[in-house]
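Spelled out from the first residue to the last, the chains are:
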Amino acid sequence: MDSNVFKGRSLTVIEDFSIEERRYFFQKVNELKNAIISGDEVTQDKFRINDPDFGIYEVFLEDSTRTKESFRNAAKFHHAKVSELLCSSSSINKGESYADTFNMLSGYSNTIFIVRSKVEGLCKWLDDESALYTKRNSLPIKPAFINAGDGKHEHPTQELLDEFTFLEDNEMSFDSIHVALVGDLYHGRTVHSKADGLKLFNKVKVDLIAPVELAMPENYLEKMKNNGFEVREFASIEEYLNQDDVAKMWYFTRPQLERMGERILQKQDYLRKSITFRKEFMDKLPENTKFYHPLPRHKEHPTIPTFLDNTPLNGWERQAINGMYCRMVLLSLIAGKIGSDFKPSVVKANPIEDEEYIVSVPVNKEKKTDKTYSEGVHPIENGIVIDHICKGDSPSEIRNHMRLISTVLNLDESKGGEWISCGSDGNYKGIIFRPGHYELTRKDLKRLASVAPHCTLNIIKDGHVEAKYRTHMPPRIYNFEDLSCNNEACISHPINGEGVPAMFYRNPEGLFECAYCGKTHSFKEIWKSRR
């Protein structure tokens, strides 16, 4: 059995590789880079796939120069077969699904797909779908997928080359890092990847420099904080430099104002000025400061002006060159050429998968003599009562959500009603009651926990509580046809017509995170009928 943990792996988000795996990866990048610079062919050959039948396929559904050419040259280093899908004339433009296109290509001995797209989560979906296709058709190997950028989501290979360049300027130390992220933090997938990517370092301090219109999305900001980063926010470079604790590493991104509508374009001069470095700032920089940029810079409005090209601040050119070294090593790892000597010290686990979120509560089955449950809700002989719904919300919010619960649980056509009660603590809560005989399956209970976590379900038979359950937020939700991510750029959103079933994971903040695009939702927002 092959013990190489990298062989055949996909890289769809930066977290697909553990911190320990990435640290090993960077050691190998450093080794190969030094071998290429010194002309050490013996060491270089240890990395080369050196197989003309090994298929590497580039599929760039969105325009790119640097990433595409960097991968192409990395593949040539390996003496492997490199192919390209001409998207302008492919069947994708004729309505063919992504799954059908890539499944067909994987049947032609293509081992690694490098995919860039505006559709977020596409590589994750293709990785899952190709596993089923490979099994159905008894193919010898499942292809691996490398995300070369998907919408506003992530760009994991850019994150790898960024981290390697940071390490070079950090004396290859993982102890700590202090970095300023400057520019369009709202659209920039390269800075979004840093919310998890910078976990590579033991201690992380991040300064976010952007006006509110271009600020880091809240879900990535919260992820940074949950990952233990010290995070500060500034509205402009000028504001940032007017305080004493200035980072020596600055990572700039290009403002993508064209994506934000006429209202933003009317303010573009002000927005650009707040994130563009100026000569007057030079004296305020700490000694040995380095600037980085994923490139390209805007030719008319570069956030790093060209007068800085020939200064010691220029770290972005070496950063771009490092992209090829990192991608050479990545291809070598996935092909299984290197990596056999890596032995992980920790086995990655996900303990929440076994967490119980539907808890059976002991009940007293003596027949109740009370005339009412709460404020006019009459007891029922047989049926169900769902209590403690959205406790603490406003009455209007509770009413809206009870309508959604009724739809999700297929209770709309049943007798009964809804009620809002106010407890002694002053908090409102919702109650749904339905008379009749109900046999609820495990799937029904899971749907209830998903749409109404922290509620109590009472099953009434012959006037007494036959069974009682308390629900908690499930760690994962899937296999429900009426689920939907509300990000229209996500591969699983119905607007994209790919038929990808929605799937969500609970994050540490108690929100549901889309398994494909990473967008976070409350339990109220993940249902199609909500919209």
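Conventions we followed
The residue count restarts for each chain, going from 1 along the sequence in the order it is written. The model is predicted, so local features are restricted to residues of pLDDT at least 70 and side-chain atom pairs to those at 80 or more, both for listing and for counting; the totals for chains, interfaces and linings are taken over all residues. With hydrogens and water set aside, each side-chain value is computed from the structure's full complement of heavy atoms. Note that the domain bounds were set by an automatic or database domain assignment. Only when DSSP finds a minimum of two bridges between them are two strands counted as paired. Every helix listed is a DSSP run of H or I at least four residues long, and every strand listed is a run of E at least two residues long, numbered separately from the N terminus. In this analysis an axis means a line fitted to C-alpha atoms, helices contributing only their contacting stretch, and an angle means the value between N-to-C directions, from 0 to 180 degrees. Should any heavy atoms of two residues lie within 4.5 Å, those residues are considered in contact. Exposure classes here rest on a 1.4 Å probe applied to the protein chains alone. A residue is buried below 20% of its type maximum, exposed above 50%, and partly exposed in between. Two N or O atoms count as a polar contact when they lie within 3.5 Å, although within protein this holds only if one can serve as hydrogen donor and the other as acceptor, and sequence-adjacent residues are included solely when both atoms are side-chain atoms. Nine residue types can take part in a nonpolar core, namely buried Ala, Val, Leu, Ile, Met, Phe, Trp, Tyr and Cys, and a core is a set of them joined through side-chain atoms within 4.5 Å. Put simply, angles under 35 degrees are roughly parallel, angles over 145 are roughly antiparallel, angles from 65 to 115 are roughly perpendicular, and the rest are oblique. By the definition used in this description, the sense in which the near helix is turned from the far one sets the handedness, with an anticlockwise turn below a right angle giving left-handed and a clockwise turn giving right-handed. Throughout this entry, Asp, Glu, Lys and Arg are counted as charged residues, while Ala, Val, Leu, Ile, Met, Phe, Trp, Tyr, Cys and Pro are counted as nonpolar. The remaining residues, Gly among them, count as polar. We count a salt bridge whenever a side-chain nitrogen from Lys or Arg sits within 4 Å of a carboxyl oxygen from Asp or Glu.

Chemist: Which residues make up the domain arrangement of the chain, and what values do they have?
Modeler: Along its sequence, the chain is organised into domain 1 (14-154 + 324-335), domain 2 (156-296) and domain 3 (358-364 + 376-474). Distance between the C-alpha centres of domain 1 and domain 3: 49 Å.

Chemist: I'd love a proper account of the sheet that holds strand 5 (residues 176-182), names of residues and values included.
Modeler: With parallel pairing, the 5 strands of this open sheet are ordered in space as 7-6-5-8-9. Strand pairing shows two members of the sheet lacking a second neighbour, strand 7 (230-234) and strand 9 (290-292), which therefore form its edges. Neighbour-to-neighbour, the strand axes of the sheet open up by a mean angle of 20°, direction not taken into account. Bridging between strand 6 (residues 203-209) and strand 7 involves 5 bridges; their strand directions are parallel.

Chemist: Any details on the sheet that holds strand 11 (residues 383-389)? Residues and values, ideally.
Modeler: Spatial strand order, 10-15-14-11-13-12: 6 strands in an open sheet with antiparallel pairing. The sheet terminates laterally at strand 10 (358-361) and strand 12 (417-422), the two strands that pair on one side only. When the angles between neighbouring strand axes are averaged without regard to direction, this sheet yields 20°. Bridge count for strand 10 against strand 15 (residues 464-471) is 4 bridges, and the pairing is antiparallel. Bridge pairing in strand 15 links valine 361 to lysine 468. Helix-sheet contacts for helix 14 (residues 395-408) involve strand 11, strand 12 and strand 13 (428-435), and the interaxial angle to strand 13 is about 30°. Sheet strands in contact with helix 15 (residues 442-451) are strand 10, strand 11, strand 14 (456-461) and strand 15, and its direction is about 105° off that of strand 10.

Chemist: I'd like a description of the side chain of serine 193, backed by residues and values.
Modeler: Note that serine 193 resides in the loop between helix 7 (189-192) and helix 8 (194-197). Accessibility expressed as a relative area gives 1% for serine 193, which makes it buried. Within the structure, the side chain of serine 193 is placed 3.0 Å from the backbone nitrogen of histidine 155, a separation counted as a polar contact. Serine 193 has contacts with Ile14, Glu154, His155, Pro156 and Glu159, leaving out every residue within four places of it along the chain.

Chemist: Describe the nonpolar core, and please don't skip the residues or the numbers.
Modeler: Of all hydrophobic cores here, the largest spans 85 residues; its most connected members are Leu181, Trp250 and Phe291. Each of domain 1 (14-154 + 324-335) and domain 2 (156-296) contributes no fewer than three residues to this core. Contacts of tryptophan 250, omitting those with residues within four sequence positions, involve Ala180, Val182, Ile237, Tyr240, Leu241, Phe277, Leu285, Thr289, Lys290, Phe291 and Tyr292. Core analysis: the second largest hydrophobic core is formed by 59 residues, Val59, Ala99, Ala515 and Phe523 among them.

Chemist: Please give an account of the packing of helix 4 (residues 98-106) against helix 5 (residues 122-136) that cites residues and values.
Modeler: It is at 10 Å that the axes of helix 4 and helix 5 come closest, and there the two elements cross at 55°. As judged from the angle between their axes, helix 4 and helix 5 are oblique. The element helix 4 and its partner helix 5 pack so that their crossing is right-handed. On helix 5, the residues that touch Tyr98, Ala99, Phe102, Asn103, Met104 and Ser106 of helix 4 are Leu122, Trp125, Leu126, Glu129, Ser130, Tyr133 and Arg136. Looking at side-chain class alone, the contact of helix 4 with helix 5 contains 8 nonpolar, 3 polar and 2 charged residues.

Chemist: With reference to specific residues and values, describe the pattern of salt bridges.
Modeler: Enumeration over the complete set of coordinates arrives at 37 salt bridges. Between arginine 72 and glutamate 58 there is a salt bridge; the shortest N-O distance is 3.4 Å. Here arginine 72, found in helix 3 (residues 66-77), pairs with glutamate 58, found in strand 1 (residues 55-60); they are 14 residues apart in sequence, far enough to count as distant. Where aspartate 245 meets arginine 232, a salt bridge forms, and the shortest distance between an N and an O atom there is 3.9 Å. With aspartate 245 in the loop between helix 10 (237-241) and strand 8 (249-252) and arginine 232 in strand 7, this pair connects stretches of sequence that are 13 residues apart. Through salt bridges with shared partners, a single ionic network connects Lys205, Asp207, Glu230, Arg232 and Asp245.

Chemist: Give a description of the side chain of asparagine 487 that names residues and reports values.
Modeler: Checked against the element boundaries, asparagine 487 lands in the loop between strand 16 (476-477) and strand 17 (504-506). Separated by 2.9 Å, the side chains of asparagine 487 and glutamate 120 make a polar contact. At 3.0 Å, the side chain of asparagine 487 forms a polar contact with the backbone nitrogen of alanine 489. Apart from the residues lying within four places of it in its own chain, the contact partners of asparagine 487 are Glu120, His493, Cys517 and Lys519.

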